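Observations on the model geometry
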Amino acid sequence: MLNHIVIMGRLTRDPELRRTQSGTPVCTFTVAVDRDFQSKESQEKQADFIDCVAWRSTAEFVCKYFTKGRMIVVDGSLQSRKWTDKNGQNRVSWEIQANNLYFGDSKHDGGGDYRAPSYGAPAADSYTAPAEGGFAEIEEDGELPF
């Protein structure tokens with residue numbers, strides 16, 4: 001069986017971080033995902049509002065780095081949850097259990113460019129092109145690197 005879903009959209013509100021009785025972090029948020037087509041009557045784009053939940057370090061990550069309006073990519077599985085409302089009616093709700101979250105835009109905190117850490121790679125500003133001809137000479141020591 002396969003239950004894998006990936007969505008991309010904008011957060012409708014700031015993510016809400018809570019903790020279970022045992023102290024496990026859990027975060028709920030809603031993502032507005034545009035449909036690929038427009039309504040024939042109004043010629044407006046329509047959106048689906050999809051509830052998501054993240055647990056543990058993923059929950060803390062989304063609450064720390066994402067805010068209302070940010071573009072987010074959610075990778076996870078679709079799950080149903082059965083519950084009884086205050087009137088005694090049985091209800092079912094569907095939500096995505098988020099396994100991985102990714103930035104869907106390049107803005108950080110609403111301004112400027114967000115640059116992910118480079119992990120030791122030289123910064124783009126520090127690169128200098130090789131002299132004349134566009135190629136740099138490589139010294140050979142006779143040994144292959146692999």
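Attention here is on the structure that accompanies the text. None of these values were measured; they are calculated from a predicted model.

Here is what the cut-offs are and how they apply
- Residues numbered from 1 in each chain as written.
- Predicted model: local features only at pLDDT ≥ 70, side-chain atom pairs only at ≥ 80, totals over all residues.
- Heavy atoms only, no water.
- Helix = DSSP H or I, 4+ residues; strand = E, 2+ residues; numbered from the N terminus.
- Buried < 20%, exposed > 50% of the residue type's maximum accessible area, 1.4 Å probe, protein only.
- Contact = heavy atoms within 4.5 Å.
- Areas by Shrake-Rupley, 256 points an atom, 1.4 Å probe, with all protein chains shown as cover.
- Salt bridge = Lys/Arg side-chain N within 4 Å of Asp/Glu carboxyl O.
- Patch = residues over 30% accessible without salt bridge, like charges linked within 9 Å, V, L, I, M, F, W, Y side chains within 5 Å.
- Arc of directions from axis to C-beta.
- Pairing = 2+ DSSP bridges.

Let us look at the overall build of the chain. Of regular secondary structure, the chain possesses one helix and eight strands. Within the chain, the proportion of its 146 residues that are buried is 25%. Once local pairs closer than 6 in sequence are excluded, the contacts in the chain between residues at least 24 apart make up 56%. About 11600 Å² of surface is accessible on the chain, with carbon and sulfur atoms providing 50% of the total.

By the secondary structure assignment, Thr58 is in helix H1 (residues 56-65). Thr58 has contacts with Ala98, Asn99 and Leu101, leaving out every residue within four places of it along the chain.

What follows deals with the pattern of salt bridges. Applying the stated rule across the entire model yields six salt bridges. Between Glu60 and Arg19 there is a salt bridge; the shortest N-O distance is 3.4 Å. Of this pair, Glu60 sits in helix H1 while Arg19 sits in strand E2 (residues 16-19), and the two are 41 residues apart along the sequence. Look at Glu60 and you get partly exposed, because its relative accessible area is 36%. The shortest N-O distance in the salt bridge between Asp48 and Arg35 comes to 2.7 Å. One end of the pair, Asp48, is in strand E4 (residues 45-55); the other, Arg35, is in strand E3 (residues 25-38), with 13 residues separating them in the sequence.

Together, Leu78, Val92 and Trp94 give the surface a local cluster of nonpolar side chains, amounting to about 300 Å² of exposed area. Following the sequence through the fold, Val92 ends up in strand E6 (residues 90-103).

Every buried residue belonging to H1 is among Thr58, Ala59 and Val62, and all of these are buried. Angular distribution of buried residues about the axis of H1 spans 105 degrees; they occupy a single face of the element. Away from its buried face, by an angle of more than 90 degrees, H1 presents the exposed residues Arg56, Ser57 and Lys64. Each element contacted by the buried residues of H1 is listed here: E2, E3, E4, strand E5 (71-84) and E6.

On to the pairing of E6. Alignment of E4 against E6, held across two bridges, turns out to be parallel. Bridge pairing in E6 places Cys52 opposite Ile96. With 13 bridges connecting them, E5 and E6 associate as antiparallel partners. Looking across to E6, one finds that Asp75 is bridged to Asn100. Taking the residues between adjacent antiparallel strands as the criterion, E5 and E6 are bridged by five residues, where Gly88 takes a positive phi near 85 degrees.

Time to look at the environment of Val31. Within the secondary structure, Val31 is located in strand E3. Taking the relative accessible area as the measure of exposure, Val31 reaches 0% and is therefore buried. In this structure, the C-alpha to C-alpha distance between Val31 and Asp51, residues 20 residues apart in sequence, is 6.5 Å. For Val31, the residues in contact, after removing those within four places along its chain, are Ile7, Gly9, Arg10, Leu11, Thr12, Asp48, Phe49, Ile50, Cys52, Ile72 and Val74.

Just geometry here; none of it tells us what the structure is for.
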